[in-house]
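Coordinates in review
This is what each chain is made of:
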Amino acid sequence: TRPDVHPLPPGTHLLFAQSGRIEHIPLEGYVMKKGDAKAVLHLPEKVIIGVAYDCVEKMVYWTEITSPSISKASIQGGEPIAVIRSDVDSPEGIAIDHLGRTMFWTDSMKDRIEVASLDGSQRRVIIDSDLVNPRAIITDPPNGNLYWADWNRDAPKIETSYMDGSNRRVLVKDDLGLPNGLTYDSQSSLLCWVDAGTHKMECTHPGHGDRRKIMEGLQYPFGITSFGKNIYYTDWRRDAVIAVDRHAGKELDEFQPQKRTKIYGIATAYAQCPSGQNYCAVN
Amino acid sequence: DATHGSSGDCQPCPCPAGATCAVVPKTREVVCTNCPAGTTGKRCELCDDGFFGDPLGQSGPVRACRACKCSDNIDPNAVGNCNRETGECLKCIHNTDGFFCDRCMEGFYGNALATNVADKCKPCSCSPLGTVGRQTGCSQVTGQCPCLPNVAERDCSACQPGFFNLQSAAGCERCNCNPIGSTN
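Everything numeric in this text was worked out from a predicted model, so none of it was measured.

Once that is clear, we can look at the packing of aromatic side chains. Applying the stated criterion across every chain yields a total of 9 aromatic pairs over all chains. Geometrically, the ring pair formed by tyrosine 220 of chain A and tryptophan 236 of chain A is stacked, given 5.4 Å between the ring centres and 5° between the ring planes. Of this pair, tyrosine 220 of chain A sits in the loop between strand S20 (212-216) and strand S21 (221-227) while tryptophan 236 of chain A sits in the loop between strand S22 (230-235) and strand S23 (240-245), and the two are 16 residues apart along the sequence. According to the relative accessible area criterion, tyrosine 220 of chain A is buried, its value standing at 9%. When the ring centre of tryptophan 236 of chain A is taken as reference, the NZ or CZ atom of lysine 262 of chain A above it lies at 4.0 Å. Sitting over the face of the ring of phenylalanine 100 of chain B, lysine 69 of chain B holds its NZ or CZ atom 5.5 Å from the ring centroid.

Below, the structure is given as structure tokens:
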């Protein structure tokens with residue numbers, strides 16, 4: 001084990017990136033155990049943007065922009081391993097398909113979406129057109145869907161496609177500003193986002209065309225993740241992780257690390273993988 | 001290591017005032033854990049994302065961390081807008097380019113520093129038929145494209161008066177009209 005990787009105890013956690021480290025907050029039920037928050041990984045020279053979690057191998061994946069790359073490390077303690085080091089300019093969002101054993105990421109300078117196996121092999125560009133500022137990306141492995149957001153100030157949008165990039169469609173394009181964060185909850189089939197332009201948190205059932213506002217008046221949301229009835233998001237102005245009850249549309253709690261600096265990506269590290277079969281195994 | 005019981009066991013953190021530190025057990029390396037606002041790195045020697053400087057003066061005089069200076073040609077919602085040490089702008093917008101996003105991108109002309117976005121950098125849009133070697137670049141300031149012989153206009157889209165056949169893509173030819181009997 002590597003000394004700057006602190007193993008996590010079992011249970012569900014939040015993982016988030018702040019100033020060269022990945023920190024975690026244990027969850028007790030839905031409540032953030034703020035007193036037990038601590039760094040999982042110290043990478044003091046890096047600027048970490050996106051964070052994702054593979055519930056099968058219990059690994060955290062992150063994107064980093066100072067020496068643009070994607071790396072992973074076991075949250076049970078282990079050496080960080082670089083998986084993508086070449087031909088990336090500004091990797092931002094990252095998502096794991098824990099069933100298909102692949103990862104997806106957005107690159108805001110190459111303006112494309114790529115996929116690769118979790119070891120970085122079998123890499124392929126799946127979307128390379130009509131992207132201006134792609135950032136958030138999220139998977140729905142049981143149904144084989146991919147969702148991403150582009151905060152292009154002239155035409156922000158939330159899009160979806162199959163996991164090979166086919167069947168691409170725009171899901172949301174009206175009344176968006178800067179949709180920085182996206183999350184999908186497989187239990188409720190809800191796709192939710194935070195927008196730093198409209199200052200809202202909203203949700204939709206993809207394919208149903210419904211859309212509802214969960215909260216407004218957010219300050220500067222960046223990342224978002226869901227766990228059951230709760231949504232947790234990071235905020236650049238509050239330098240905090242904020243817990244929101246999705247049903248009540250109400251802020252429940254806030255965690256503000258001692259260090260006052262921007263918090264970027266956030267992910268839920270599930271104690272167990274969400275149930276569900278690979279759609280390919282079903283078809 | 002305070003368990004040894006000698007006077008030199010606990011040493012001050014090699015970090016700026018107020019920062020705490022920790023020893024990485026395996027490598028015995030000391031890492032600052034709570035750097036002052038705006039700084040980061042093992043010794044708080046780096047600036048946070050969106051800022052640049054040399055807070056410890058590691059490669060010259062001390063330069064406090066300042067927000068990226070990119071001529072208002074970066075987007076505050078972007079990440080990695082400038083190099084954290086040199087300040088070189090990495091994500092210029094509005095078709096600008098250069099260390100400080102202070103000039104137009106190749107293929108664009110105008111004033112990168114104009115306050116109004118519409119007055120910043122416009123595409124050269126050189127006419128392929130009238131431009132030398134079908135170039136897409138133009139003068140950064142005037143926007144003049146390099147025209148073939150006897151071709152006129154900023155974008156080389158017309159023949160000079162008294163010339164014709166822009167379509168040849170080799171410059172325009174003299175009309176050779178008899179001045180007596182021709183109008184214009």
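Structure shown, so let's carry the discussion forward.
Attention shifts here to the interface of chain B and chain A. On the chain A side, the residues contacting the 25 residues of chain B number 29 residues. Roughly 2000 Å² of surface becomes buried between chain B and chain A when both sides are summed, with 48% attributable to carbon and sulfur atoms. Sorting the residues of chain B by area buried against chain A places Asp49, Asn77 and Val79 of chain B first, and these three jointly supply 29% of that buried surface. The interface formed by chain B and chain A includes 3 salt bridges. The interface formed by chain B and chain A contains 16 residue pairs in polar contact (both at pLDDT 80 or more). Looking at the side of chain B that touches chain A, its residues break down into 10 nonpolar, 7 polar and 8 charged.

Residues and elements named next belong to chain B. Scanning the model with the defined rule gives 14 disulfides over all chains in all. The residue that forms a disulfide with cysteine 35 is cysteine 44, at a sulfur-sulfur distance of 2.1 Å. Sign of the S-S torsion, about -85° for the bond between cysteine 35 and cysteine 44, identifies this disulfide as left-handed. Covalently, cysteine 126 is tied to cysteine 145 through a disulfide, its sulfur atoms 2.1 Å apart. Judged by the sign of its S-S torsion, about -85°, the cystine formed by cysteine 126 and cysteine 145 is left-handed. Here cysteine 126 is found in the loop between strand S10 (121-123) and strand S11 (151-152), whereas its partner cysteine 145 is found in the loop between S10 and S11, with 19 residues between them in sequence.

Quick look at the pairing of strand S1 (residues 13-18) of chain A now. All names here are of chain A. Among the 6 residues of S1, 6 are classified as buried, and the element is accordingly described as predominantly covered. Alternating positions in S1 separate into two faces, His13, Leu15 and Ala17 on one and Leu14, Phe16 and Gln18 on the other, with burial throughout. Pairing geometry for S1 and strand S25 (residues 263-269), over 5 bridges, is antiparallel. Each residue of the ladder has a partner; that of glutamine 18, found in S25, is isoleucine 263.

Once that is clear, we can look at the sheet that holds S22 of chain A. All names here are of chain A. Strands sit in the order S21-S22-S23-S24 across an open sheet of 4 strands; the sheet is antiparallel. If you trace the sheet from one side to the other, it starts and ends with S21 and strand S24 (250-255), each paired once. On average, each strand axis in the sheet is inclined to that of its neighbour by 25°, with strand direction left out of account.

Residue and element names in this part refer to chain A. Going through the model one piece at a time under the given rule, you end up with 25 salt bridges over all chains. Arginine 112 serves as the salt-bridge partner of aspartate 87, at 3.0 Å between the closest nitrogen and oxygen. On the criterion of sequence distance, the pair formed by aspartate 87 in the loop between strand S8 (81-84) and strand S9 (91-97) and arginine 112 in strand S11 (residues 112-117) is long-range, its members being 25 residues apart. We classify aspartate 87 as partly exposed; its relative accessible area is 45%. For arginine 112, a relative accessible area of 16% corresponds to the buried category. Several salt bridges share partner residues, and in doing so they unite Asp87, Asp89, Lys110, Arg112, Glu114 and Arg123 into one network.

Residues and elements named next belong to chain A. The biggest cluster of nonpolar side chains holds 28 residues, and the ones touching the most others in it are Leu15 and Trp62. Elements with a minimum of two residues in this core: S1, strand S4 (38-42), strand S5 (48-54), strand S6 (59-64) and S25. A total of 4 residues in this core trace back to one element, the largest contributor, which is S5. If you look at the next biggest cluster of nonpolar residues, it comprises 14 residues, including Cys192, Val194, Ile214 and Ile224.

So, about the environment of asparagine 143 of chain A. By secondary structure assignment, the location of asparagine 143 of chain A is in the loop between strand S13 (134-140) and strand S14 (145-150). Separated by 2.9 Å, the side chains of asparagine 143 of chain A and aspartate 140 of chain A make a polar contact.

Moving on: the sheet that holds strand S10 (residues 102-107) of chain A. Residue and element names in this part refer to chain A. In spatial order, the strands read S9-S10-S11-S12; together these 4 strands make up an open sheet with antiparallel pairing. With one partner strand each, in any of the chains shown, S9 and strand S12 (124-127) form the two edges of the open sheet. Direction aside, the axes of adjacent strands within the sheet are offset by 30° on average. As paired elements, S10 and S11 share 6 bridges and run antiparallel to each other. By the bridge assignment for S11, phenylalanine 104 is matched with valine 115.

Each value, and the rule that gives it
- Residues numbered from 1 in each chain as written.
- Chains lettered and ligands numbered in written order.
- Predicted model: local features only at pLDDT ≥ 70, side-chain atom pairs only at ≥ 80, totals over all residues.
- Heavy atoms only, no water.
- Phe/Tyr/Trp six-rings, centres within 6.5 Å; stacked < 30°, edge-to-face > 60°.
- Helix = DSSP H or I, 4+ residues; strand = E, 2+ residues; numbered from the N terminus.
- Buried < 20%, exposed > 50% of the residue type's maximum accessible area, 1.4 Å probe, protein only.
- Lys NZ or Arg CZ within 6 Å of the ring centre and 35° of its normal.
- Contact = heavy atoms within 4.5 Å.
- Buried area = accessible area lost by both parts, 1.4 Å probe.
- Salt bridge = Lys/Arg side-chain N within 4 Å of Asp/Glu carboxyl O.
- Polar contact = N/O pair within 3.5 Å; in protein donor to acceptor, adjacent residues only side chain to side chain.
- Nonpolar A, V, L, I, M, F, W, Y, C, P; charged D, E, K, R; others polar.
- Disulfide = S-S within 2.5 Å.
- Pairing = 2+ DSSP bridges.
- Axes fitted to C-alpha atoms, helices over the stretch in contact; angles between N-to-C directions.
- Core = buried A, V, L, I, M, F, W, Y, C linked by side-chain atoms within 4.5 Å.

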